[in-house]
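Chain and residue survey
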Amino acid sequence: MNNEALYQERLARIKKAIHLEPVDRIPVAFLGPAFAPRYMGMPLAQFCEDAEAALKVTLDAVKRLDVDAINSLVIGRFPVTLTLIWLSHIRVPGRELPRDALWQVDEREVMTPEDYDFIVEHGWQAFLNRHLPKVIDPDYLGESLAYMGANAGRGVPLFRENGYVVIATGGVSIPFEAMCGARSMSNFFFDLYRMPDRVQAAMDRALPEIIAGGIGLAKAGGAMGTWVGGWRAASAMVSPKLWNRFVWPYYLKIVEALLAENITPVLHWDQDWTRDLVRLQELPAKKCILNPDGMTDVRKFKELVGDRMAMMGDVPASLFAAGTPDDIYNYVRDLTGVFGSKGLILSSGCDVPVNAKPENVEAFVAAGREFGKVA
Amino acid sequence: MSDQLATAMADLEESTVLKLVRQRLDAGDSPMAILESCREGMIQVGKRFEACEYFVSELIMAGEIFKQSTALLSSRLKTDAIGSRGKVVIGTVKGDIHDIGKNIVVSLLKAANYDVRDLGVDVPPQKVVDAVKETGATVVGLSGLLTIAFDSMKETVAALAAAGLRPKVKVMIGGGAVSQTVQQYAGADAWGTDAQAAVSLCNQWIKEVAK
């Protein structure tokens, strides 16, 4: 089978999984931005600095593992993308860290309470223009964004030429997450108690611009889907009173806007969202993917929403790093047993971590092939 | 609950708590009694967390209100008179700079009347060993968000063993991707999914020592 035929076969399986139609074999998707270079022998400093090398090494890892798809593909310097997600300074290997160390978010209070009022008055982009130079060198950011703009659409066809599907490109999240990173978590949670109206006014003002940006990024990347991220807004982190006001309404609007543009929302949700899984019933059926990280109860998800939404996940990072191939095999066996032939794209929970044992990652793919034969 | 201050603390009424603390101080109430009211409120916060009425956002807010309250009381409290429940050494392990989860644990442990030596972030194993020797702590808390922290946790537990301290201390780990698998990998005694679990573990271990 040539690569295009292989691509079409894999794409058809993934689409069937999203639409909750039975598949002959459960598709397997990889995600491991830090693991890929480590696996292929490239220092993380080179991965962070050289976007072309990063793209190539990611494809090489996917080819070596021979999965069906990559969960999400980042084009450009990875730490710059992290900066844009977290609105925080990122410590980068080869710069502030040893050449093969993992990048880290250096979260601290940069945004101030007055910035909520600034956002209301001037908008989200105006705030970013003022905020970003505080966490990243403006020239470096400009150069990186220029590369991303010029090359964003190259990843999907490149992977397709090699027979692999890119499920998501770009990404968007609710204002909660960006503001939480920019304020730092504790301060942001204090704000939710001390100045809820100011925070909400800023969120309401920011959301349309955030949505427009997310749609633009997704279209530029050209994959079928885009990430709709969540981590600090998880059910385990925030009380229902806060969640119902500052979290869920914003997700609803983002999902609605993406679907109107025919973009599949991939709810890349780290942490534990079990308490609020039932709310996923409010989203249009067979249009979205939940992408949890191993902490959300996927059995509960299957029970509550399994007839409405697919799940991409969720082999835990801890198992890849500290477990054994047998642990991985058992996890995949149980997971495929829960979902059967409908609504599962087998993947890692969040990403395969940098220090995953290669034999565990290879066992994950092998187990997916063995237990994924469901027809 | 026994008084208005404890109730306000449990309900996370920040301005009411601080007002009541000041009022009781001005009225000549004993700082220790005021602190106990705050602690009683914090115990309720923990119970509400365990009952899934409160979540991390509430633990963080409670920790902040408690911290402000104790700041108002600190100049009038004689530290040697307080008598902590036990000593805990805690830190985010080598190679990891994330401290939010660890800081929540520290504030809850302090509110539960533990004497906490917080070593900060990116803490080398030897620093933990030295702190245990200096303080005589019987509990060590190791935090880490990233999976690269697992090896540092393991190295720290090994360093405690090499120093002959392992039989004298209980080691708990927490943060991010930590799990039962990681506990076994690192050789720790327990792991927790949240900050309140750290308090429960300490309470349980201190009781065991007391028997």
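Summary of the structure given here. The model shown is predicted, which means the values in this text are computed figures rather than measured ones.

With respect to the sheet that holds strand β2 (residues 114-118) of chain B
Residue and element names in this part refer to chain B.
- Across the sheet, 5 strands lie side by side as β2-β1-β3-β4-β5; this open sheet has parallel pairing. In this open sheet, the two edge strands, each paired with only one partner strand, are β2 and β5 (190-192). Each strand axis lies, on average, 25° off the axis of its neighbour in the sheet, ignoring direction.
- The sheet contact formed by strand β4 (residues 170-174) and β5 spans 3 bridges and is parallel. Within β5, the position partnered with M172 by the bridge is A190.
- Each of β1 (86-92), β2, β3 (139-143) and β4 touches helix α6 (residues 100-111); the most contacted strand, β2, lies at about 155° to it.

So, the nonpolar core
- One finds I70 and I167 of chain A together with L109 of chain B to be the most contacted residues of the largest nonpolar core, which totals 195 residues.
- The residues that make up this core include at least three from each of domain 1 (4-81) and domain 2 (84-210) of chain B.

What about the packing of helix α17 (residues 325-339) of chain A against helix α18 (residues 358-371) of chain A?
All names here are of chain A.
- Relative orientation of the contacting elements α17 and α18 amounts to 30°, with a least axis distance of 9 Å. What the angle tells us is that α17 and α18 run roughly parallel. The interaxial crossing formed by α17 with α18 has right-handed handedness. On α18, the residues touching P325, I328, Y329, V332, R333 and T336 of α17 are E359, N360, A363, F364, A367, G368 and F371.
- Here the contact of α17 with α18 is built from residues that sort into 8 nonpolar, 3 polar and 2 charged.

Considerations on the packing of helix α2 (residues 14-26) of chain B against helix α4 (residues 56-74) of chain B
All names here are of chain B.
- One can describe the packing of α2 onto α4 by two numbers: an axis separation of 10 Å at closest approach and a directional angle of 20°. Here α2 lies roughly parallel to α4, going by the angle between them. For the element pair α2 and α4, the recorded crossing hand is right-handed. Residue-level inspection shows E14, V17, L18, V21, R22 and L25 of α2 in contact with α4, the latter providing I65, Q68, S69, L72 and L73.
- Partitioning the contact of α2 with α4 into residue classes produces 7 nonpolar, 2 polar and 2 charged.

Rules of the game
- Residue numbers run consecutively from 1 along every chain, following the written order of its sequence.
- Numbering of ligands from 1 and lettering of chains from A proceed in the order in which they are written.
- Whole-chain, interface and lining totals are the exception, using all residues; otherwise, since this is a predicted model, local features are given only for residues with pLDDT of at least 70 and side-chain atom pairs are given and counted only at 80 or more.
- Paired strands are those between which DSSP finds at least two bridges.
- Each helix corresponds to a stretch of at least 4 residues labelled H or I by DSSP, and each strand to a stretch of at least 2 residues labelled E; elements are numbered beginning at the N terminus.
- All axes here are fitted lines through C-alpha atoms, helices being fitted over the stretch that makes contact, and every angle between N-to-C directions spans 0 to 180 degrees.
- By the convention adopted here, residues make contact when the C-beta atoms placed from their backbones lie within 7 Å.
- Joined through C-beta atoms within 7 Å, a set of buried Ala, Val, Leu, Ile, Met, Phe, Trp, Tyr and Cys residues constitutes a nonpolar core.
- Exposure classification rests on a simple neighbour count of other C-beta atoms within 10 Å of a residue's own: a residue reaching 20 or more is buried, one at 12 or fewer is exposed, and one in between is partly exposed. C-beta atoms are placed from the backbone.
- For each domain, the first and last residues come from an automatic or database assignment.
- Convention used here: angles under 35 degrees read as roughly parallel, angles over 145 as roughly antiparallel, angles from 65 to 115 as roughly perpendicular, and any remaining angle as oblique.
- Take the far helix as your reference; a near helix turned counterclockwise from it by less than a right angle gives a left-handed crossing, and one turned clockwise gives a right-handed crossing.
- The residue classification treats Ala, Val, Leu, Ile, Met, Phe, Trp, Tyr, Cys and Pro as nonpolar and Asp, Glu, Lys and Arg as charged. All others, Gly included, are polar.

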